[in-house]
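Structural characterization, general
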Amino acid sequence: MRTLEVYARHVANTYNKIPLILTKGKGMYVFDEKGRRYIDFVGGIAVCSLGHCPTSVVKVLRKQLGKLMHASNLYYTHEQANLARLLAQICPNGIEKFFFCNSGAEANEGALKLAIKHTKRSKIIVMEGSFHGRTALTVGATWKIEYRKPYEAIIPKVFEFVPFGDLQAVERAMNDQVAAVLTEPIQGEGGVRVPPDDFLPGLRKLCDERNVLLVLDEIQTGMCRTGKWFACEHWRVSPDVMTMAKALGSGFPIGALGARAEVMDSFMPGDHASTFGGNPLACVAAIETIKTMKKLKLPERVTKTGDYFMKRLLELAESYKQIVEVRGKGLMIGMEVVSKEIAQKIQLDMLKKGFLINVTAEKVLRFVPPLIVEKSHIDKLVDALDQLLGG
Ligand code: PLP
């Protein structure tokens with residue numbers, strides 16, 4: 001049986017897939033079963049930030065594999081301690097204690113449980129256009145009604161949605177039941193939406209005044225993606241609780257939830273747990289990812305490459321009326337086109353030309369390439385888009 005037939009028969013049908021079987025990846029490139037090479041502007045959706053199979057991370061993983069693959073959280077490991085210490089150095093001010101898990105949704109799930117435990121309140125203010133995951137709690141905090149509807153019976157009635165970027169709406173939703181405000185600093189799945197500059201500072205102020213926790217989901221925006229280690233730094237805002245995953249392990253699954261020590265200390269033994277959380281393999285992958293990002297001076301590099309990419313896409317937007325808007329920060333860029341059909345056509349035509357690109361929020365081409373992308377790759381992509389749109 002061929003792979004696609006096996007999928008049809010034996011794999012849950014939960015994803016709209018592109019008809020492409022990937023067999024190998026190196027740096028900016030992935031290869032299909034016929035050996036055809038693609039320039040990857042998806043990067044596993046903002047995961048492979050150091051490129052595919054980065055040499056430094058592969059090396060430490062190989063070494064760790066022969067040393068200790070798993071240790072239960074009943075015991076201590078050097079790897080988990082070293083990762084926590086390193087994260088405390090790169091995280092926004094005050095975020096210094098961590099809980100480790102395996103995915104983004106799990107990190108957000110833990111963040112919400114922590115906020116509820118710490119404040120002894122349960123209402124959570126969340127944003128229209130948000131995406132926070134697919135567990136029952138995190139899908140409840142996710143905007144798209146199609147994702148929530150089938151599970152309404154088991155989704156807690158604790159979430160109130162307000163328009164993203166609207167401080168007055170957040171203020172109106174505040175009451176003495178509110179435990180936390182949860183938001184992405186820049187919305188990813190929602191279509192790469194950057195809030196007005198007063199939004200995060202305003203949220204910080206409102207949360208301080210009301211003694212409410214500010215929880216930032218940096219799962220997609222974190223780890224240098226926007227030209228800072230974490231996107232909230234663009235607005236000089238530090239959250240009380242922050243979540244990360246995606247690029248943290250360069251593709252090795254790991255998630256983490258960080259908090260101010262006083263907040264994290266509300267979790268006591270037994271309050272939360274994960275068998276694989278903080279697994280030594282995941283920890284060495286994350287440690288090496290951070291070290292390599294530091295060595296490459298990735299925030300500065302992303303700012304430069306991101307500015308160039310943005311400039312080239314804005315030039316393209318001037319020439320074609322199919323492009324509605326180009327927006328984003330660093331190497332998290334969205335190009336909104338006039339319709340879903342055009343977005344899908346561009347995605348498939350670009351595949352034929354040897355490029356992986358992603359579409360989100362129906363008609364937004366989302367570019368979240370490995371952060372090691374070079375001007376030459378960007379030029380090739382923009383030239384191919386130019387040909388397509390002009391053709
Ligand atoms: N939060 C944000 C902002 C995300 O972009 C995602 C995934 O796309 C998640 C949470 C969920 O992460 P995961 O798929 O690892 O559960």
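Remember, it's a predicted structure, so these values are computed and weren't measured experimentally.

Some points on the pattern of salt bridges
A complete count under the given rule lists 22 salt bridges for this structure. A salt bridge links Glu-209 to Lys-205; its shortest N-O distance comes to 3.2 Å. Taken together, the residues Glu-209 and Lys-205, both in helix 9 (residues 199-210) and 4 residues apart, mark about one turn of the helix. Residue Lys-205 is classed as exposed on the basis of its relative accessible area, which comes to 53%. Within the structure, one salt-bridge network assembled from shared partners comprises Arg-193, Glu-325, Arg-327, Glu-336 and Lys-363.

Examining the domain arrangement of the protein chain
Taken domain by domain, the protein chain consists of domain 1 (3-54 + 297-390) and domain 2 (68-295). The C-alpha centroid of domain 2 is placed 26 Å from the C-alpha centroid of domain 1. In this assembly, 27 residues from domain 1 lie in contact with 29 residues from domain 2. Of the roughly 2300 Å² buried between domain 1 and domain 2, counting both surfaces, carbon and sulfur atoms make up 61%. Area buried by domain 1 at its contact with domain 2 is led by Leu-50, Lys-329 and Met-332, which between them contribute 29% of it. Across the domain 1-domain 2 interface, the total number found is 2 salt bridges. Among the ionic pairs, Glu-189 bridges to Arg-366, the shortest N-O distance being 3.0 Å. Across the contact surface, domain 1 and domain 2 share 13 residue pairs in polar contact (both at pLDDT 80 or more). Contributing elements (two or more residues each) for the side of domain 1 that touches domain 2: helix 2 (43-46), helix 12 (298-319), strand 11 (323-329), strand 12 (332-337) and strand 15 (364-367).

Side note on helix 5 (residues 104-119)
For helix 5, built from 16 residues, the straight-helix expectation of 22 Å at 1.5 Å per residue is met to within 8% by its first-to-last C-alpha distance of 23 Å. Along helix 5, the residues that are buried comprise Gly-104, Ala-105, Ala-107, Asn-108, Gly-110, Ala-111, Leu-112, Leu-114, Ala-115 and Thr-119. You can read the cap of helix 5 off the contacts: a side-chain oxygen lies 3.3 Å from the backbone nitrogen of Glu-106, and it is on Ser-103.

Comments concerning a positive patch on the surface
A grouping of Lys-59, Lys-63, Lys-291 and Lys-295 is seen on the molecular surface, where their side chains present a positively charged patch. Elements with a contribution of two residues or more to the positive patch: helix 3 (55-65) and helix 11 (280-295). Looking at where Lys-291 falls in the secondary structure, it is placed in helix 11.

As for the sheet that holds strand 9 (residues 241-244)
The sheet built from 7 strands is open, its strands ordered 4-10-9-8-7-5-6 with mixed pairing. Of all strands in the sheet, those bounded by a partner on one side alone are strand 4 (97-101) and strand 6 (159-162). Across the sheet, the axes of successive neighbouring strands diverge by a mean angle of 20°, strand direction being ignored. Across 4 bridges, the pairing between strand 9 and strand 10 (residues 255-259) is antiparallel. Across the sheet, Met-244 pairs through a bridge with Ala-256, a residue of strand 10. The strands that helix 4 (residues 78-90) touches are strand 4, strand 9 and strand 10; relative to strand 4, the one it contacts most, it runs at about 125°.

The rules we used
- Counting restarts for each chain, with residues numbered from 1 along the sequence as it is written.
- Per-residue local features are limited, in this predicted model, to residues with pLDDT of at least 70; the limit for side-chain atom pairs, both in listing and counting, is 80 or more; totals at the level of whole chains, interfaces and linings are taken over all residues.
- Think of the side-chain values as coming from all heavy atoms in the structure, minus any hydrogens and water.
- The working definition used for a salt bridge is a side-chain nitrogen of Lys or Arg within 4 Å of a carboxyl oxygen of Asp or Glu.
- The helix count covers DSSP runs of H or I at least four residues long, the strand count covers runs of E at least two residues long, and both are numbered beginning at the N terminus.
- The classification of residues rests on relative accessible area computed with a 1.4 Å probe and restricted to protein chains. Under 20% of the type maximum is buried, over 50% is exposed, and intermediate values are partly exposed.
- Domain start and stop positions are those given by an automatic or database domain assignment.
- Note on definitions: a residue-residue contact is assigned when non-hydrogen atoms from the two residues lie within 4.5 Å.
- Buried area counts how much accessible surface, traced with a 1.4 Å probe, disappears from two parts once they are put together, with both parts' losses summed.
- Whenever two N or O atoms come within 3.5 Å, that pair is a polar contact, provided that in protein one can donate a hydrogen and the other can accept it, and provided that, for residues adjacent in sequence, both atoms are side-chain atoms.
- The length a helix should cover is 1.5 Å for every residue beyond the first.
- By definition, no residue in a patch forms a salt bridge, and every one has over 30% relative accessible area; like charges are joined within 9 Å, nonpolar side chains (Val, Leu, Ile, Met, Phe, Trp, Tyr) within 5 Å.
- Each accessible area is a Shrake-Rupley estimate made with a 1.4 Å probe; only the visible protein chains count as cover when residues are assessed.
- None of His or the chain ends enter the tally, which takes Lys and Arg as positive and Asp and Glu as negative.
- Where a charge lies is defined by one atom per residue type: Lys uses NZ, Arg uses CZ, Asp uses CG and Glu uses CD.
- Pairing between strands is defined by DSSP: at least two bridges between the two strands are required.
- Interaxial angles span 0 to 180 degrees and are taken between N-to-C directions of axes, which are lines fitted to C-alpha atoms, for helices over the stretch in contact.

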